[in-house]
Structures are given as C-alpha cells and as structure tokens.
Amino acid sequence: MNKRIRVGGPVLAACLFPLILAPGPTLSATDRSVLPELAASYRFLVSDRQNGGILYTAGAGDLRGQRLPLSFHDSAAYWGRHVCPTADCTVIDRYDPLAFTLLPQKTPGGDLQTERVNTHNGSNIYDAATWQIAVMLGHRLNHLPLAEGQDAYGLVNAQNRLLAAGHYGDSRHPSPLQTRARSVGSVFVYNQQHIAEAARAYSFRMLPRDWLSPDPFIDTPYARFITAANLPAGNTDYRPGVISWTDWKPITGENAWAFFIGPLQAAHLHFVHGRADGYVPFREQAVANALAVLPAFAAMQAPQGGVYYAPAGTVANQGEELVDPSFVSVENTFSVYAGLRILEATLTTTLKRDDTLAPADKKVIADGLRLCRAMLHGGQLAPGRSTEGMLSFLKKYAWQDGAFVQGGLLDKPGAESRWLPSLSPKAVDVNTWGVAALEPAVIDDWFGFGASFTTWQQVKRWGGYGTDTVIRGVGFSDQDGNGLGPDERYRQGVLSGEWTAGAITMVRAMIAHYQAIDRASPQAPQASRMVDLLRQDEQAMLSAMDTLRIDNYAAAGFPGTPEQYDQLFTLSTKPYLYASKRYLIPFGWYANPIPSTCATAWMVMVANRYNPFLPGGGLR
C-alpha cells in the first residue's frame, strides 16, 4: 500500500500541437501543457460509447434521437478479469411475478451484479451536470470540435429535456415523470411536507437507460456467472443477464447540480459569456426546470439553515436501511448554496435584460429571487416557515476545529442537542468544495485570516495522496490510507481524479485571495508565503493528474493497478479515470479505475480555470 508510484511531469507543449483558445481565463504554463491532450479528452465527452465516448442515443418518447451522457465507460473485461478473480461473481436472478421484477439474490455476487449494472447503464445527474459545463467550455473557450452537424448547446440541453420529461431514455413504455420522487404515503416526504406534483419533486440521482437493464457480461464469456430463474414464458424482455433497476435515491446535492449548477452554468456560457448584453432567456428549459423544483429545496431547509440530505423514505447507499431524514450533509448544503447563487444571478440578469417578459413572468422571477435570498441569507420560506439561512448554518454549525464537518443530525426528535455533528469519517470534498463555493475571503473573515489555508493543511495531513513530501492529490476521506505518516511523508492509499480536481479549484481560489492582499498590509508577508506554498501544491497536483488519464495510467505504477490494464480498455479518446484503484469509499460506494464522465469534465474545468461554484464560473 505504501509503494511509491512514478508520477510523470507535464508533457512538453513544444512536442505537441497547440490549441487556439478563445478569449477567457489567463493560462499558466502548466495549463498549456495539459491543453494539447484536452482535445482527445473532450472527444470522450462528445462521442458515442461505441466510438470511445460516453454518449448514447435515446429511443423513447419525446427524447428519441437525443444524445445523452452516461457516468462511466466500463468493459466486461474490467469486471471479469480484475474484479471477479478476487470476488464471487456467481449470481442467480429471480423473477417475481407479483412485482414484475427480475432481481439478483442478496449475496456478494448479487451486490456485484447490481454495481456492474448501475455502472454500465446509469447516468448520475451530478455527473451529467459536470458534463454540461465541460461540453460548453470546450466549445466556447477552447474551440474544440464536435461531430459534424452537432450543436454544443443543443447537446447539453438534451439533459434538461430528460429531466423535464422524467422518463428513461430508452424506456420501452415511457411514462412521464417516472424518474421523479413525488411523495407517496410515508415515502419521499420532504421535511414533513408532501410534494404530490411530480414535476416539482426531486429527480432520482441515477437515471438508467431503461428499467430493465443489461449486465455488461451479457454475450461475453463472463455470462457464465449469471443464472436466471423463474423467467416468465413468452416475454422476451426478461432474459438472463437483464435485471430491474434498483437505485431510487433522491439526493439533495445531486439535484442541486442537476437543476441549478450544471444547466445554468452551461446556459450562461452559451447566452452570456463574452456578450455585454447577454442573458439566459426566461423560456429556456434550464430556467423552467430550476424554478419548478426550487420550492422542494426550500421545503428541505431547516430553520437553522442547513438542507436535509434526502426526503424521508430514501434508502441509504449501502444495505436496505433508510436515511435518517434529520441528516444534513454539509457538502450537499454547499452545492445548494452555490446553485442558489447561480440561479439568483441568472434571474437577476434575465429580469433586467429580457424585454419579452410579461408581467406574470416578472412575478415568477421576483418570487424565485425572494425564495433564493431567503434560503441564502434568512427569511420566510413559506407561510409559517422561516430559516436563518445557509450562511448562518455554515458559520454557526458546519465549522468545527478549523474545518468543515461532513454532516450531522439537525433537529432530530428526541436528540440531546439540536445539532449532532458527524465527526467520522472526515470528508475531503466538504472542505475543498466548501472553500471554493463559500470563497476564501468569507471563511477568513468569519474564522480569522489564514483560516482557509489552515483548512487545506489539515486536509492534506489526513487526506492527501503524495510522493515523499510532495502532495499529488487527494482521496475521499481520512480512512483511505492517505495522509502523512509518522515520518511526515505522504502515504498512497487511493487517488481520486474528480476530488483532486476540486482541490485544485480550491487552491486556485486561495491563491487569488491571498495574492490580492494589499502589500502595505501587515498580513502581506504571511500571504506571500502562503501563495508560494499553494502554487507548489497546484503545480504538483496538476502534474499528477496526467497519470490518471487512461493513456498514462498503466505505466504510472499506482498500487492496485489492474494487471494488463491496457487490454481492458481500447479507446482512441483520452478520458480521466475515477480513481487510482478499486476501493470501497467509506461513504458507501465503490471507486473504480475506469473512464469517468465527471473526472474528465472536471479536468476540462481545471484546464480553463473554471470554478463551477461561482456564477459564471469566475471567468473574466
């Protein structure tokens, strides 16, 4: 586990063709070294799966012909040759004539099949949101090509249409809004409030191509692991290797990205960026979707300002236990905070510049702005319901011992305290995303000059992945085998591509903050030293990310690299991998070293110095 890896440095730009960039953020030398390979990474995001990409073409209902993203590009060989030799992949799938479901037995092999099916067929709505931003960045700022006749904004808007339609992309029997978590009895109750209108409810976090989803082992030698029992006679929809979709989890954070951050940032890049009088039209699907679900987020906000993780009746990530409806994820609250700021900025500009607005439209916008501001800063959410606001919660409750806690129980009936923070495991992203979203100036104002910098030093100590004394990135938690050992050298548990990109974004936000300190200030010398150290971290992590790109990964020597990895994937594109090895993350899901939509999308953002948590991404 402590084996040193060989981390390659930046590829020399002189050896590769340069990309011509549109006016945008200023690029450092390291950014330029990444960009020559960016075209091949971008091609992964805009190509069909059979062509080395991540897209599929929907065939159902109003979505017919639309190209939509999946979360991962896996392969039967990855599962069969890397996972199954050390795990029992044997599974029996049994048909239930009363529920019309075909499901694996509850065994380790059944769990593995569910993971394979979800990975192969699922689109996490957070992943799709990062994809929306990256597609528009590559098109608008980097002038990267799409397929002939393909329109970048039309491509990303297909995801907005998917959420609005609310049915599976390839559904055999498309039913409107079947992917929305409307309240039914005691299931999917939003902070003791029922949302019966599906169009105003959260989306489930993972959307399949169809309810009956194929195992990637179908029609491969690994199909031998699968047995199907009690299949209905005469119904060819049910066959060995196909199982019913089982991931029905409406999660606040994923929905904030899917309805606010991804679509509105993509719309800003299309309609506003580079245009002095630009605005996102009120009739855009992205705006309509955001306004429709805004009251659901308000329903989930506690009086203290935190936002609950999931409606009551939601199943947890592992096992069959239900999520405690009193649980607040601080990272999710940061996502909602960022999303509301982006929605507020979008609506403000639209109200000011869209001269086609009718009086009724202006009222809808004004009502949306009032609700956004109440959720952010405190105020009335609905008759008889008010909140202190997210900023108050993040300052008073979420910060402890110089960092943000991952979450806690808020106003749980019968609890000994109104706020019971969860102190273990510690989460990397709540701190990296928290600093990037809230911004270092706010954190330093609240908790003292240098508080943001000190938070990063803490995260590195327990969550950093590196070589000797040099940080190379981060994992997921304080339980990954990362961090500094007794010899003050970094350990190498697991490296996350996506979460390291978030750390780079946070570090850059701190660099901008501390280098803006007035030179006449008594804090200037300290700020200068912090900037120097942060730049070292930024450059080291950028360099390390090259090794998580698929064309470099096999030779990088990561602990846990699958044997003969180059034979598991044969892609002409150059996506980034989700993680450096297969690993059960303490928060309840497996990381796999496979091509990832969100990791690749985040690297497009990093290459463009784009902070997705800020309105307009912080671009000049």
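Remember, predicted model here, so these are calculated numbers, not experimental data.

(A) Representation of the pairing of strand E4 (residues 101-104). Sheet analysis places strand E3 (residues 91-96) next to E4, joined by four bridges and oriented antiparallel. Residue pairing for E4: Arg 94 is matched across the bridge by Leu 103. Following E3, the chain reverses through four residues before pairing antiparallel with E4; Phe 100 in that reversal takes a positive phi of roughly 60°.

(B) The sheet that holds strand E10 (residues 327-329), seen in detail. Strand order in the open sheet formed by three strands is E10-E15-E16, with antiparallel pairing between adjacent strands. If you trace the sheet from one side to the other, it starts and ends with E10 and strand E16 (419-422), each paired once. Neighbour-to-neighbour, the strand axes of the sheet open up by a mean angle of 25°, direction not taken into account. Relative to E16, strand E15 (residues 407-410) runs antiparallel, the two being bridged by four bridges. Paired with Gly 408 across the strands is Pro 421, a residue of E16. Each of E10 and E15 is contacted by helix H9 (residues 330-353), which is oriented at about 60° to E10, the strand it contacts most.

(C) Inspection of the packing of aromatic side chains at higher detail. In this structure the tally under the stated criterion is 36 aromatic pairs. Consider the rings of Phe 204 and Trp 248, whose centres lie 5.4 Å apart with planes at 70°: the pair is edge-to-face. Of this pair, Phe 204 sits in the loop between helix H6 (152-165) and strand E6 (206-208) while Trp 248 sits in the loop between strand E9 (242-244) and helix H7 (252-271); the two residues are 44 residues apart in sequence, bridging distant segments of the chain. Taking relative accessible area as the criterion, Phe 204 reaches 6% and is therefore assigned buried.

(D) Up close: the state of the cysteines. The tally for this structure, following the rule as stated, stands at one disulfide. With a sulfur-sulfur separation of 2.1 Å, Cys 84 is cross-linked through a disulfide to Cys 89. Classification of the bridge connecting Cys 84 and Cys 89 rests on its S-S torsion, roughly -100°, and on that basis the disulfide is left-handed. Residues Cys 84 and Cys 89 agree in their burial class; the two are buried.

(E) A look at the pattern of salt bridges. Applying the stated criterion to the full structure yields 27 salt bridges. Between Arg 205 and Asp 247 there is a salt bridge, with the nearest N and O atoms lying 3.0 Å from each other. One end of the pair, Arg 205, is in the loop between H6 and E6; the other, Asp 247, is in the loop between E9 and H7, and 42 residues separate them in sequence. You can call Asp 247 buried: its relative accessible area is 6%.

Reading the values: rules and limits
- Residues numbered from 1 in each chain as written.
- Predicted model: local features only at pLDDT ≥ 70, side-chain atom pairs only at ≥ 80, totals over all residues.
- Heavy atoms only, no water.
- Pairing = 2+ DSSP bridges.
- Helix = DSSP H or I, 4+ residues; strand = E, 2+ residues; numbered from the N terminus.
- Axes fitted to C-alpha atoms, helices over the stretch in contact; angles between N-to-C directions.
- Contact = heavy atoms within 4.5 Å.
- Phe/Tyr/Trp six-rings, centres within 6.5 Å; stacked < 30°, edge-to-face > 60°.
- Buried < 20%, exposed > 50% of the residue type's maximum accessible area, 1.4 Å probe, protein only.
- Disulfide = S-S within 2.5 Å.
- Salt bridge = Lys/Arg side-chain N within 4 Å of Asp/Glu carboxyl O.

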